[in-house]
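Architecture and fold: a report
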Amino acid sequence: MEENNKIYWKGLEELSNELDFVKNAQNEFPSPKEATPKDAETPGDVTGSSRRDFLKMMGFSLTAVSLAACEQPVRHAIPYINKPEDIEPTISNYYASSYIDSDGGYDSILVETREGRPIKIEPNNLSSLTRTGTSVRAQASPLSLYDTTRLNGPRKGSKPIDWKTVDSEITARLQQVASQGGAIRLVTSTIISPTTKAAIRDFIARYPGAQHVVYDAISYSALLRVHNGVLPFYDFSKAKVVVGIGADFLGSWPNSTTYSYQYAQQRKVGKKKKEMSRHYQYETNLTLTGANADYRTPIKPSQEGLLVANLYNRVAKLAGAAAISVPDFNASFLDNAAKDLVAARGQALVISGSQDVNVQAVVAAINRIVGAYGSTIDTTAYSTLKAGDDNAMANFVQEVQQGRVGAVIFYNVNPVYEHPAGAAFGQSLQKVGLKISFADRFTETSSLCDYICPDHNFLESWGDAEPRRGYFSIVQPTINPIFLTRHAQESLLVWAGKQNNYFSYLQDYWRTNLFPQAGGAGAFESFWIQTLHDGIFEPAAARAQSTATQATETNRERPLTAAPLNSATGGGQGIAVDLNAAATAIARTYKANSTATELALYEKIGIGNGEHGNNPYLQEFPDPITRACWDNYLTVPKKMANQMELVQGDRVRLEANGKPVIEVPVLIQPGQAEGTVGLAVGYGRTKAGKAAENVGVNAFPYATVVNGYASYVVPGVKITKIEGTHNIAQVQTHHTVMARPIVQEANLNDYVKNPAAGAFRPKIATSEGPKHPTAISMWDGHQYVNHSWGMVIDMNSCTGCGACVVACNVENNVPVVGRQEVINRREMHWLRIDRYYSSDADPTVRTPVGYQDMEEASANPEVVFQPMLCQHCQNAPCETVCPVIATSHSSEGLNQMTYNRCIGTRYCANNCPYKVRRFNWFKYHNNEKFDFHMNNDLGKMVLNPDVTVRSRGVMEKCTFCVQRIQEGKLNAKKERRRPRDGEIITACAQACATEAIVFGDLNDTESRVAQLWNEENDGRGFRVLEEINVRPQITYLTKIRNKA
Amino acid sequence: MNTLLDKFFALARKNACKSWGIMLFCCLLGLATWLPAQAQENNAEATLPADVVDTDGTSDLPAGGSQPRTQDPAQVSQGKTIFNNYCSACHAVTNEVVVGPGLQGINERRQRDWLINWIHNPQKVVESGDQYANDLLKKFNGNLMPAFPDLTDQEIQSVLAYIDVAGSGENANTVAGGDTDGKLVPSGSGTTVAPGGGLGSTSFTIILVALLVILLLVLLVLIMIVSLLSKFLSDKKDLAPEDREVLEQKVNWKAIAGSSAFKGGVALIFALVVGKVANDQVMSIGIQQGYAPKQPIAYSHKLHAGQYQIDCNYCHTTVSKGKTASIPSLNICMNCHGVIKTASPEIQKIYAAIEQNKPVEWVRVHNLPDLAYFNHAQHVNVGQVPCQTCHGEIQNMEVVQHISSLTMGWCIDCHRKTEVNGKDNAYYDKLVALHSKESKEPMRVANIGGLECSKCHY
C-alpha cells in the first residue's frame, strides 16, 4: 500500500526504476569501474589510482574548495506580488483560535504566525478557562500541521482522486444505501463544536437512516451517567479539601489546564496568604495529580469501591446521615479525609475517575453531603469535553459485526486502534458497504476505508467550540490549507445537499444562535469581528459572575444531609441512585484483599490517546513521572520486581483472559500500588507516520466494556519474564536528591511559624566566623544598569505538567534527537523538570551503604518537581573556562552563548553545576539519521526564524529567550518608552498554566518578579547550590506541603 | 642574527658619510608615497556618512538661511510626512513636473476649498465641469490624479502648509528641523561633513607638504655642503692617506647586494608582503563589497530616490517597523506605474509578473549570514541612522551595489563610535542620566552593551 502521499524522484531513471539505477542506489559511492590495462600494472589497487593520482586529486580538490569558497552563491529575495495588508515580513501576527483534540483537549489560544505560517501557540489571556497557560499537546500542535504523513488530497482506497468525483460517488452511494433503508452511522469522538453538531444534524436530516455515534477512546461514561450525561465542571480554586480517587485531574483529564490553574490558586502561599488546600489522593499508578497531593495512598483498583463506600460512611457519620452497608475497609488517612471534608463543607470536593457507575453514585452522594454541588462542582455550566456513550459504541460494533450497517463515516476516531475490540472490528469492517474517513492520514482505521476525505488541520480550519456550557470560542484559520484538504463539516454538508461553504454556514449559525445571546446590540458584523479578535464569547461567564456570591451563601446554609436530588438542566446534583443498591453492588464487585495482579491503564500527558503520536515533540517529551520518552512500559512496584527478580529494562509477557499477549519492557516505579502494574495507552501505532510507528505496544486491547462502561483496569493479569532486555529512554535516572539541599520543602505548619522554614541558608566558614557565601568572593561582580532579567520559580505551584518544556522546544528550535540519542544521554532540551522522590533512608548515615540506601526511593514517595534551566549565574563557572569566550556575560544579567564562536571544547558543560548545557553531537537538520521535522522542507516551516538553528559541534543552552527580550525592548524603544512588566516573557513562563514561573526585569521595582523576589528573599526564596556562590538570576521558592 | 647585524653596521660605517644621505632620501621617498595615500584616506573619511549620525537634529540648520513665511512647524512637519508618503511620487514642491504639475505657489493659484475637494475626489471635480480641472486633465493627457478620500481637511492643510514653506525656495529640511528618519539626503546638500574633521585634515595635509618642502631644502643644502667640503678636501695636498681613502671611497653596491643581510632583508619583506596579500585574500572570503548583480528588472534608485526623491519608506515599508527593510511587493510599484511609463519594457516585466502570478526574483545584494541578527527598525527608527550609513549613496546608484563590508569588525566599529540617539526616547532617559554622571563622553552604543554577543547572535 502506498503510504506517502507525495512521490518525489530525482531523475527519470528513478521514475522508470532502471536496473542500473536500482543497483547503484544502494551504495553511496559508485562501485569501481571495470579494470583498465593501466590498472593491471598496479595489481591490488582496485580503485585504479596511484600515489601520484592521489596527490593530483588532492591538489585539485584543495584548489577547487578554495575557489568554491570564494564564490558566493547567488541568493534571491522574493517579495509578494500583492502583499496582504496585515502581513509585514518579520513581524509576528497573532490570531485567536482554539486547540481541540479527540482526547478532550481544549485550549483557548493565540497562534503566532510569521509571513503566514503558524509557528507557536500561546495562551489567550481573554479566556476565562485557559487564561494563564496551555497544555503540552497544544504547545506541540503546530508541528502536526507540518507533518509530511498528511494526505495531500482525497483518496479512493489508496489512489488519489479529486473532490468532485469523491462527492458525486459518495453522494450516489449514500443515496443508494438510504433508499434501500440501510443504516448509516456517523462515528465521532466527543464534538464540542455547536456548528459541527448542527452540520451533523443537517446530514442526518438528509439521510433518515443515519445515526450519530459518539464515543471516546478514554471514556468518562460512568461520571457522565451519574450527572445526566454531562461532565461536571469542577472548581478547584474554591476547594479547601480535595479528595481524588483515581482521578488525574491535573494531568490527563479534560480541562486539566483550567484545573491546574485553579488548583494552584489554592496552593500558592505568600506573605498575605498563609493557608492552602489539602489534597488527599488514592490511586493505583503514580500520576501527576498524586505527585502533587499532600497525602497520597496507593490502592488497588479492586479496592476502589470499598474505599469510596467507606469514605461515604465516615462522612455520613460525621454529618449525621444514614450509612450504607459495605464491608469495612480502611486506607491511610481515610478518617482524616472524611473529617476534613466535613469541616470544609461548601469548600470540599471528592473527584473520582472510576468507570463504575455505582462508585460514581456514591461519590456524588458524598459531594452532596459536603455541599460541593453549586460550589466546587458546576453541573449547570458543565464541561462538554467528554460525552462519549460506550453503550452506543458497543451496539455499533455489534451492528457492524452482524453486517447491519450500510455506510459508516469516521470522524476524529480511530476505533481499529483505540477500541478494546479494535482488531476484530477492523476485520468485520469489510461487511460495511461504504466506509468513509475524515482522517488526515492513513491510520489503522482510515486505511481500511473506501474513501478518505482528509479534514483540515485545526490551524487551517474555521470552527467553533463550546468546551463548557455557555463558554464559546472560535477556531480561525491561520494558514491557507497546505494540502487539498477540506473541512469535514463541509464534506457532510455537501453530501447532505446543503451549501458548500462551511465558513458562511458557521457565520449563519452564530448569527442565528449566538448573536442573540450577546444582547443583540449592534450589528452582527461587529460582534463577529470582536469574537474573532477575542477568540472567545462567554455569555455564561458574565452570568456566573453575578450569581457566584449568592450560590456560596446558599451552600453554607444547606443542612448536612443527603440533599434531595434534582435533575434540572445540566447534571443537577447527580441522578437518583438507590445508594443501598449501589452499596450492594460495590460489596459484590470489590474486595479488600485481592491477591491477583491487577493492571491499570493510564494516559500520558503528552501522547494522550495516541492521536498525535506522530508528533516528534510529543514523543520526545519525557513523561513527568517516569521521565521516559519514546516508549511505553509496564510500571512495576519495587516489591513485585524484587519478587520476580526483574530489573529495569527486562522484558515481560503480559497475559490476561481473552486478551492478546503483549511483550513489554519493565520500569520500576516507586509509588505503584502493591500487586498492580500500569501501562500507558497511546503507543504501538501501526499506521500513523514515521515517528509514531513501532514505538511501544498498544494497550487499548486490555480495556474492556463492563456493564456498558469502558473499563481501564484488568483484575487479573499474568506476568512472565522473558528473554531479552529493552533499553528505556529515560532522561533522568537518579531518583532522589540524596539529602542535598537542591529541592527544599517545608510543612505548612512550620511555614506559618517561620516563612523561611525548610529553606537552606548556607554559611561558609571564614577566619572571621561563618559568613553568607556571597559575602566572600574573588569576583568583582557585574553591574546591571539597564535591565536585570530574572526569574522566580514557585515549586509549590509547579505541578510538573511540562508545558514549559515543549514551549521551550518550539520557541527555540530545539532539535528532536530520537530514542537512541536520549539513551545515549544526548537529549537537547534546554529546560527540564527534575522529578525527585523522597527516600526512607537516614540521611545522617554517611557511609557508602548509607548513600546507596539514600538513592533508593520510598515505596510510596513524596514527589517534588523542579524546573531546571540555565541559572544565568552572575559568577558563571562556564564563562571562566571557555577558551574562546564563546560564552560571556551581558550587562542585562544574561549568560550569553555565541554559537558561531563556539569550538566545542565542552569545558563549559563540564563546569556547569546545574548540568543545563547541551552539546550538538550531530547536525540535526538535513540529516537522514534524524528524520524528524528538521529533515524536510515542510517540517522546517515550524522553525522560529528569530533563533539560529545550531549545527554540529557547538554548545547550546537556555538563553532566557533573548530573542523575545530583544524584540520586547525594541518595541518599547520604537514607542519611546520603557518596557512594561509582562510584556517581555519567556516561552516557559508564558506556557505555565499555574504561573509557577515568573519572569521579568529585577531592576523594575514594580515588576511582579522583582516584588516576588524581594518579598520572598528572607522567606521561601532560595538559590540552588547557593553555597558555591555563583549567584543565579533564578530564585526558587520552597515547596510547602499541607500536612496535619 | 647578531653577526648579521654587525656586518650590516660595519658596512654602514664604511659608507658613513654617504649612507645618511641615502637614508634621508629614503625618508623623503617614503613621505612622498605616503602623503597622497593619507590625503585619499582623509577624503574617504570625510565622505563617510558614519560620522554624520546626527543625534540632536540641530546641526543641519543652516546658520543664515532666510526664514520662510510663518507656519506652525509641527503642522509643516506633519505635512512633510504626508507629502512624502502620498504626493512625492508624482509631485515636486518646486515648479518641476514629475508626473503631475509642480506645486510651487499652489496656495496662490487655487482656493483652499477647491484643493481639498480636488484631493478628496478629483473625478468629482472634473465631472462638476470645473474649467481649471478640465484644462489640467487635458494638459496631462487625461491622467487623473488618484483620490485620497481618507486624508482629513486638517491633514491636507498641513500638506499645503508644507508646500508653501518648502516651495518658497527653502530646503524643507531646515524647517522641519533635522528630520532624518531614513530620509534620503540629496548629495551635496545633506551629507554634511563634520566640520572639525574636514578642516583638520586639510590643515594636516598643508603642514605635511610644508614639512616635505623643508626637508627637501635641507637635503639640498646638505648635499651642497658635502660636495663643497669634498671638493675642498680633494684640493688639499697634505691629506693623510687614511683620510684620502675615506674621501675617495666609492660605494660598493655589489658588496651590499651580495651581503647576506641584504638578502635576508629582501626575503623578509617578500615574505611579509606575500603573507599580507594572502591574509587579505582569506579575510575577504564571504565579503561581497562591490557586489552589484544585474537585477531581473533594471530598477534605478538614482531615478526614484535620487531624482524624484521618493521617500525610502514609501517602498521599503517595514524599514522602521521590522527586521528587514522588505523589498516592495509589486502592488507598490503599481501605485505609480499603473499610469506612469506603462510602455517601458522594464515596466512591462511588472505587468507580466502580475499576470502570470509569478513574483519577481530579485538578486539579494546584502547577504548577512544567518548567525547574525540585524534589525532595521532598531537602527533606522530608534537610532535614526540614515540609510546611506550602511548602503552608501544609494540615491546615486543606477544598480544597487554592496558598499559596506558587513563584517563584524565593521559593525563593532560603528557601535563603538556611534552615540546613542536618546533624544525624546524615554527608554534611554535613565541610562543617559546615569552615564552622564559617570562620564563626560557622550553615551555610545558600546556603553550600553552594544558590543555584547547576544545583541546580534542568538
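Reading the values: rules and limits
Residues numbered from 1 in each chain as written. Chains lettered and ligands numbered in written order. Predicted model: local features only at pLDDT ≥ 70, side-chain atom pairs only at ≥ 80, totals over all residues. Helix = DSSP H or I, 4+ residues; strand = E, 2+ residues; numbered from the N terminus. Buried ≥ 20, exposed ≤ 12 C-beta atoms within 10 Å, placed from the backbone. Contact = placed C-beta atoms within 7 Å. Rg over C-alpha atoms; globule rule 2.2 N^0.38 Å. Pairing = 2+ DSSP bridges. Axes fitted to C-alpha atoms, helices over the stretch in contact; angles between N-to-C directions. Parallel < 35°, antiparallel > 145°, perpendicular 65-115°, else oblique. Left-handed = near helix turned anticlockwise from the far one by under 90°. Nonpolar A, V, L, I, M, F, W, Y, C, P; charged D, E, K, R; others polar. Domains from an automatic or database assignment. Core = buried A, V, L, I, M, F, W, Y, C linked by C-beta atoms within 7 Å.

**A closer look at the overall build of chain B**
- For chain B, the helix and strand inventory stands at 21 helices and 1 strand.
- For chain B, the residues scored as buried account for 21% of the 458 residues in total.
- Contacts spanning at least 24 positions in sequence make up 73% of the contacts within chain B whose residues lie at least 6 apart.

**Some remarks on the overall build of chain A**
- Summing up its helical and strand segments, chain A has 32 helices and 45 strands in all.
- For chain A, whose C-alpha radius of gyration is 30 Å, the value lies close to the compact-globule estimate of 31 Å for 1044 residues.
- Seen through its principal axes, chain A has C-alpha atoms that stretch 100 × 95 × 70 Å.
- Among the 1044 residues that make up chain A, the fraction classed as buried is 54%.

**Thoughts on the pairing of strand β36 (residues 832-837) of chain A**
Residue and element names in this part refer to chain A.
- Summarising burial for β36: 5 of the 6 residues are buried, a large majority.
- In this structure, β36 lies alongside strand β37 (residues 863-868), joined through 6 bridges in antiparallel fashion. When the sheet's bridge partners are listed, Y837 is paired in β37 with V863.

**With respect to the packing of helix α5 (residues 136-145) of chain A against helix α25 (residues 803-811) of chain A**
Residues and elements named next belong to chain A.
- Their axes nearest at 8 Å, the elements α5 and α25 cross at an angle of 20°. In this view, α5 runs roughly parallel relative to α25, as classed from their interaxial angle. Viewed along their axes, α5 and α25 form a crossing whose handedness is left-handed. Contact residues: V136, Q139, A140 and P142 in α5; A803, V806, A807 and V810 in α25.
- For the contact of α5 with α25, a count of residues per class yields 7 nonpolar, 1 polar and no charged.

**So, the domain arrangement of chain A**
All names here are of chain A.
- On domain assignment, one finds that chain A holds domain 1 (222-384 + 553-587), domain 2 (595-730) and domain 3 (745-1041).
- Each of domain 1 and domain 3 has a C-alpha centre, and the two are 37 Å apart.
- Contacts between the two partners involve 19 residues from domain 1 and, on the opposite side, 18 residues from domain 3.
- Residue assignment for the side of domain 1 that touches domain 3 shows that the elements contributing at least two residues are α9 (256-267), α10 (288-292) and β12 (295-298).
- No other element matches α9, which puts 5 residues into the side of domain 1 that touches domain 3.

**Details of the nonpolar core**
- Formed by 268 residues in total, the largest nonpolar core has its most connected members in L341 and V362 of chain A.
- Per element, the largest residue contribution to this core is 9 residues, and it comes from helix α13 (residues 357-369) of chain A.
- The residues touching L341 of chain A, leaving out its near neighbours within four places in the chain, are V241, V243, V315, A348, V350 and V370 of chain A.
- Listed in part, the 32 residues of the second largest apolar core include V93, V98, C312 and A377 of chain B.

**Some details on the sheet that holds strand β6 (residues 159-160) of chain A**
All names here are of chain A.
- With mixed pairing, 7 strands are arranged side by side in an open sheet as β6-β5-β17-β16-β15-β7-β8. The open sheet terminates on both sides in strands that have one partner only, identified here as β6 and β8 (210-214).
- When strand β5 (residues 155-156) meets strand β17 (residues 451-452), the two strands line up antiparallel, connected through 2 bridges. Within β17, the residue paired with K156 across the bridge is Y451.
- Lying over the sheet, helix α14 (residues 390-401) contacts β7 (183-188), β8 and β15 (405-411), oriented at roughly 125° with respect to β8.

**Concerning the pairing of strand β26 (residues 676-680) of chain A**
Residues and elements named next belong to chain A.
- Most of β26 sits inside the fold, with 5 of its 5 residues counted as buried.
- Residue alternation in β26 divides its side chains into two sets, T676, G678 and A680 and V677 and L679, and both sets are buried.
- Sheet topology note: the strand β21 (residues 598-602)/β26 ladder contains 5 bridges and is parallel. Bridging from a neighbouring strand, Y602 pairs with A680 of β26.
- With 2 bridges connecting them, strand β23 (residues 634-636) and β26 associate as antiparallel partners. In the strand pairing of β26, T635 is matched with G678.

**Topic: the sheet that holds strand β11 (residues 278-283) of chain A**
All names here are of chain A.
- If you trace the 4 strands from one edge of the open sheet to the other, you get β12-β11-β10-β13, paired in parallel fashion. Only two strands of the sheet have a single partner each, and these edge strands are β12 and β13 (348-352). Across the sheet, the mean angle from the axis of one strand to that of its neighbour is 10°, orientation sign disregarded.
- In the sheet, β11 pairs with β12 via 4 bridges, with the strands oriented parallel. Within β12, the residue paired with Y280 across the bridge is Y295.

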